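Each chain is listed here by its residues.
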Amino acid sequence: MLDLLRLFWMFFKIGLFTFGGGYAMIPLMQQEIVGGGYVELELFIDFIAISESTPGPFAVNMATFVGMEAYGFLGAAFTTLGVIMPSFVIILLIAAFGAKALESNIVKHAFIGLKPVVVGLVLSVAAMLAFRKMLPLFDFKALVFDATVFDWKGVLIMGIVFGLSRLSKKMTPIKMIFLSALLGIVLYGFF
Amino acid sequence: MKKTKLIDLFFSFLKIGAFTFGGGYAMMPIMQREVVDKKGWASDEDILKILVISESTPGVLAVNSATFIGYKIRGFWGSFFATLGVVIPSFVIISLLSFFILEFKQNEIVAHAFSGIRAGVAMLIFNAVFKLSKKMRKNWFTYLIVAFAFLTMLLTNLSPILLLFIGALAGIVYGAVETRKKEVQHA
C-alpha cells in the first residue's frame with residue numbers, strides 16, 4: 001500500500017509541476033522515475049516513443065506504463081490517478097469559481113521566469129539523451145566518458161531525423177519515430 | 001433544453017481519447033469537431049478559453065479540456081465522466097501493451113528498431129525545445145534562466161521543482177522592476 005501511495009504522490013507531483021504540457025513533463029519524470037530507480041533510462045526512452053505513437057494523452061500513457069512496470073495493474077491505476085488529479089481539481093475550481101486569480105500581475109510575471117526554466121530543463125534532457133546515444137558510457141554528473149564506444153550509427157540517425165524534421169513540417173513525431181526505427185533496423189542489423 | 005446524458009458525454013470523450021496521437025494540442029481540433037460542431041455542447045470561445053487557462057495552469061491539457069467542458073455541461077459529474085472517458089483508451093491500450101513489450105523487445109529486429117528509436121526520441125525532445133521556446137519572451141533575462149536551468153539539471157541532482165520555483169520568483173522580481181521602470185518613465 002505504501003508503494004502505491006508513493007507512486008501516486010510521484011505522479012501527482014509530475015502533474016502539478018508540468019507547465020507547457022507533454023514534453024515539459026519529461027525532465028521531472030526522468031528524475032523521479034529513472035533517478036528513483038523505478039525504470040532504467042533505456043526503457044524510459046522506449047516508453048516515450050511508444051506513448052508518442054499510441055493514441056491518448058502522452059502524460060496518461062507514460063503514467064500507465066510506469067505504473068504497470070513498477071506495480072502491475074494497481075500501480076497503473078494509482079499513477080494515472082496521480083497525474084490527472086492536479087489538472088482535474090484545478091480546472092474544477094476554475095470552472096466553478098472563475099479564473100480571476102490567473103489574471104493577476106504576479107501570475108503573469110511568474111510565467112516570464114517559469115517558461116525559460118521549462119525550456120532549459122527540456123533542453124538538458126535532449127542533450128543528455130543525445131550524448132548518451134553518441135557515447136553510451138557518458139556520465140555528465142561525474143564527467144566521465146569512454147570515447148572508444150562511440151555509436152556512429154546513432155549519430156547518423158540523429159542527424160538524418162533531426163535534419164528532415166527541421167526541413168519539413170510534414171515530419172510529425174510519429175513519422176520521426178518510424179523513420180528512426182527503420183534506420184535502426186538497417187544500420188544496426190546490416191552494418 | 002434536454003439534459004445531456006452522462007453516458008453520451010463519456011462516449012464522446014472516449015472517442016476523443018482513442019483517436020488522438022500525441023495528446024494535448026493534437027487533440028484540440030478533434031475535440032472541437034466533436035464537442036462544438038457535432039454536439040453543440042460548447043462554443044469555439046470555450047475551446048479558446050481552455051487553451052488560455054491551460055497556458056497558465058499546470059497539468060495535462062487533455063484532462064483540463066475534459067474537466068472544463070464536462071463541468072460546463074453537467075457540473076461535477078460531467079467533468080468526472082468526461083475525464084474518465086478521455087483517459088480510459090490510453091489506460092487500456094498501454095496496460096495491454098506493457099504485457100508484451102519486454103518479450104517483444106527480445107526479438108533482434110525489434111531491438112535494432114528500438115536502438116534507432118532512442119536516437120529519434122532525443123531529436124523529438126530537441127524539437128519540443130523549439131516549440132516551447134516560441135512562447136517564451138526573448139531577452140538577456142530569459143536566456144540567462146535557460147542557461148541556468150540547463151546547466152543545473154545537467155550537472156547536479158537538484159529537483160526541477162526547485163528550479164521552477166526559482167524561475168517563478170525571478171520572474172516576479174523581474175516583472176515588478178519592469179513595471180516600476182515604466183511608471184518612472186511615465187511620471
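Residues numbered from 1 in each chain as written. Chains lettered and ligands numbered in written order. Predicted model: local features only at pLDDT ≥ 70, side-chain atom pairs only at ≥ 80, totals over all residues.

**Remarks on the overall build of chain B**
(1) Moving on: A tally of regular secondary structure across chain B gives seven helices and zero strands.
(2) Moving on: Radius of gyration (C-alpha) of chain B: 22 Å, far over the 16 Å computed for a compact globule of 187 residues.
(3) Moving on: Each principal axis of the C-alpha atoms in chain B carries an extent, and together these give about 60 × 60 × 25 Å.
(4) Moving on: Looking at chain B residue by residue over its 187 residues, the buried ones come to 43%.
(5) Moving on: Sequence separation of 24 or more characterises 47% of the internal contacts of chain B that already satisfy a separation of 6 or more. (Helix = DSSP H or I, 4+ residues; strand = E, 2+ residues; numbered from the N terminus. Rg over C-alpha atoms; globule rule 2.2 N^0.38 Å. Buried ≥ 20, exposed ≤ 12 C-beta atoms within 10 Å, placed from the backbone. Contact = placed C-beta atoms within 7 Å.)

**Focus on the overall build of chain A**
(1) Moving on: Across its full length, chain A carries seven helices and zero strands.
(2) Moving on: Along the chain direction, N to C, the helices and strands of chain A fall in the order α-α-α-α-α-α-α.
(3) Moving on: Seen along its three principal axes, the alpha-carbon backbone of chain A occupies a region of about 60 × 40 × 35 Å.
(4) Moving on: Buried positions account for 52% of the 191 residues belonging to chain A.
(5) Moving on: Long-range pairs, those at least 24 residues apart, make up 52% of the contacts in chain A between residues at least 6 apart in sequence.

**Remarks on the interface of chain B and chain A**
(1) Moving on: On the side of chain A, 98 residues touch chain B, which itself brings 80 residues to the contact.
(2) Moving on: Listed by contribution, the elements that provide at least two residues to the side of chain B that touches chain A are helix 1 (6–18), helix 4 (61–104), helix 5 (108–134), helix 6 (140–155) and helix 7 (160–186) of chain B.
(3) Moving on: Top contributing element to the side of chain B that touches chain A by residue count: helix 5 of chain B, with 21 residues.
(4) Moving on: In terms of residue class, the side of chain B that touches chain A is made up of 50 nonpolar, 26 polar and four charged. (Nonpolar A, V, L, I, M, F, W, Y, C, P; charged D, E, K, R; others polar.)

**Comments concerning the confidence of the model for chain B**
When pLDDT drops low, the exact placement of atoms in the prediction is not to be read closely.
(1) Moving on: With 98% of its residues at a pLDDT of 70 or more, chain B has an overall mean of 91.
(2) Moving on: Two numbers describe this predicted complex: its pTM, 0.90, and its ipTM, 0.90. (pLDDT = per-residue confidence, 0-100.)

**Re the domain arrangement of chain B**
(1) Moving on: For chain B, the assigned domains read domain 1 (6–104), domain 2 (105–135) and domain 3 (137–187).
(2) Moving on: The C-alpha-based centres of domain 1 of chain B and domain 3 of chain B are spaced at 33 Å. (Domains from an automatic or database assignment.)

**Some words on the nonpolar core**
(1) Moving on: Counting 115 residues, the largest nonpolar core has Val118, Val122, Ala126 and Leu129 of chain A together with Val121, Ala122 and Ile125 of chain B as its most contacted members.
(2) Moving on: Residue contributions to this core peak at 19 residues, all from helix 4 (residues 58–97) of chain A.
(3) Moving on: In contact with Leu129 of chain A, other than residues within four places in its own chain, are Ile45 of chain A together with Val121, Ala122 and Ile125 of chain B. (Core = buried A, V, L, I, M, F, W, Y, C linked by C-beta atoms within 7 Å.)

**With respect to the environment of Tyr71 of chain B**
(1) Moving on: Locating Tyr71 of chain B in the fold gives a position in helix 4.
(2) Moving on: It is 12 Å that separates the C-alpha atoms of Tyr71 of chain B and Ile50 of chain B, two residues lying 21 residues apart in sequence.
(3) Moving on: Among all residues touching Tyr71 of chain B, those that are not within four sequence positions of it are Leu92 and Ala95 of chain A together with Gly78 and Ser79 of chain B.

**Focus: the packing of helix 3 (residues 41–53) of chain A against helix 7 (residues 173–190) of chain A**
All names here are of chain A.
(1) Moving on: At their nearest, the axes of helix 3 and helix 7 sit 9 Å apart, and the two run at 130 degrees to each other. It follows that helix 3 is oblique to helix 7 by the angle criterion. The crossing of helix 3 and helix 7 is left-handed. Seen from helix 3, the contacting residues are Ala49, Glu52 and Ser53; seen from helix 7, they are Pro173, Ile174 and Ile177.
(2) Moving on: Classifying every residue of the contact of helix 3 with helix 7 gives four nonpolar, one polar and one charged. (Axes fitted to C-alpha atoms, helices over the stretch in contact; angles between N-to-C directions. Parallel < 35°, antiparallel > 145°, perpendicular 65-115°, else oblique. Left-handed = near helix turned anticlockwise from the far one by under 90°.)

**Topic: the environment of Gly21 of chain A**
All names here are of chain A.
(1) Moving on: With respect to the secondary-structure elements, Gly21 resides in the loop between helix 1 (2–16) and helix 2 (26–34).
(2) Moving on: By the C-beta count within 10 Å, which is 24 here, Gly21 ends up buried.
(3) Moving on: For Gly21 and Pro57, which are 36 residues apart along the polypeptide, the C-alpha to C-alpha distance reads 9.7 Å.

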